[in-house]
Amino acid sequence: MAPPLEEGARALASLVIDRSLATPAEALLPPDLLARVVLTSLREADAERLRESLEEGLERHRGRLQEVAAKRGDEPLHALLPAGAGKPLAALAAEAPMPERETLATLLDHPAMRDILRAVLVDTLSGFATKAGALLSEASKLPGASRIPGSGRLSGVLGVAKGVGSALVDELSRKLEGRVGPFVDEALSRAVKVGLDAMSDPARAASLREWRRSTAGAVLDLPLELAVREAGRLDLSALSRALTGLVLQVARWEEAEEKLTELLRVSGGERWAMPLGELLEAEGIQAASWRSEVEAHLAGHLADLLASEEWAAWLGKHGPGA
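What you see is a predicted model, and the numbers here were worked out from it, not measured in a lab.

### Observations regarding the packing of aromatic side chains
How two aromatic rings sit relative to each other is given by the distance of their centres and the angle of their planes.
Stage number 1. A full pass over the atoms with the stated rule returns one aromatic pair.
Stage number 2. Aromatic pair Trp311 and Trp314: ring centres 5.0 Å apart, planes at 10°, arrangement stacked. Separated by three residues within a single helix, Trp311 and Trp314 lie in helix H15 (residues 309-318), roughly one turn from each other.
Stage number 3. Given a relative accessible area of 42%, Trp314 falls into the partly exposed group.

This is the structure:
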């Protein structure tokens, strides 16, 4: 037979759990209270300590990844996911809706992207001019060219062509920005326009869908070792500083509490009004699967409380006959 204190603690734990399961979720943890507590704690947080905490957390996660990669580096990235999760993720990427042209333009028609494309076009033109000049130079040296009827005129033509090619090479190498630049910029604008038209063309929806699917699959097939190396290149100090700035800025937003409360209510929907027990069952969490263990754990803490001097002092001050 259990000692009276332990028996009482177990009965009290059972009562606490029964009352909690019968209470609506919103009464146990009101969304507005949750939003207020979270935002208040963030607003009062020391920015540097918060940044350090974020950086330490990121470093711990990266360290765990490195440990996994050291043992399973040859395995694909999707080995970290639940079995069979790779295909649904690739399918999810494939089913993304076709973006509007304006959306693509916002994302892609950016000075940084144009600078990259411009470098590609300039390099392509320079390479073409160099090869053209070399070909014309070699053509004038063909064996027997001087014995071909009319070779004098041919030689003259080749000489002119060679001169044009050489001039083109010189022009591209010395004055590309000044004289060829406008042409490149015009070609770049056409390239961007064609690219945006193609990527938002409904006729290409199927091929783009397959591209997204194969890209997601290819990324998930990358070896863990490579993924960890990429993670190792992250500047966690800079990343944590940026995240801290973002979090604190959102916390200071005058509409933050209202928006976070609304987000919590919308995400919970009608479930906030459900008793906690029914809510857990609706999510597939049956009380029978956890109650015994939780009740025993809670009873242990309550037994310690009921045997403490603090509890005796509380009873002396607030209990019956106090």
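### Thoughts on the packing of helix H5 (residues 86-94) against helix H9 (residues 205-220)
Stage number 1. Closest axis-to-axis distance for the H5/H9 pair is 7 Å, and the angle between their directions is 145°. In this structure, H5 meets H9 at a crossing whose hand is right-handed. Together, Gly86, Leu89, Ala90, Ala91, Ala93 and Ala94 of H5 and Arg209, Arg212, Arg213, Ala216, Gly217 and Leu220 of H9 make up the contact between the two elements.
Stage number 2. Class assignment for the residues of the contact of H5 with H9 results in seven nonpolar, two polar and three charged.

### Some details on the pattern of salt bridges
For side chains of opposite charge, pairing can occur when their charged atoms come near one another.
Stage number 1. Scanning all chains against the criterion turns up 18 salt bridges.
Stage number 2. Where Glu257 meets Arg36, a salt bridge forms, and the shortest distance between an N and an O atom there is 3.3 Å. Taken together, the residues span a long stretch of sequence, with Glu257 in helix H12 (residues 256-268) and Arg36 in helix H3 (residues 31-43) at a distance of 221 residues.
Stage number 3. By relative accessible area, which is 27% here, Glu257 ends up partly exposed.
Stage number 4. A relative accessible area of 34% places Arg36 in the partly exposed class.
Stage number 5. Here Glu230 ties to Arg233 by a salt bridge, and the two come within 2.9 Å at their closest N and O atoms.
Stage number 6. In this structure, a network of salt bridges that share partners links the residues Arg10, Asp18, Arg291 and Glu295.

About the cut-offs
Residues numbered from 1 in each chain as written. Predicted model: local features only at pLDDT ≥ 70, side-chain atom pairs only at ≥ 80, totals over all residues. Heavy atoms only, no water. Phe/Tyr/Trp six-rings, centres within 6.5 Å; stacked < 30°, edge-to-face > 60°. Helix = DSSP H or I, 4+ residues; strand = E, 2+ residues; numbered from the N terminus. Buried < 20%, exposed > 50% of the residue type's maximum accessible area, 1.4 Å probe, protein only. Axes fitted to C-alpha atoms, helices over the stretch in contact; angles between N-to-C directions. Left-handed = near helix turned anticlockwise from the far one by under 90°. Contact = heavy atoms within 4.5 Å. Nonpolar A, V, L, I, M, F, W, Y, C, P; charged D, E, K, R; others polar. Salt bridge = Lys/Arg side-chain N within 4 Å of Asp/Glu carboxyl O.

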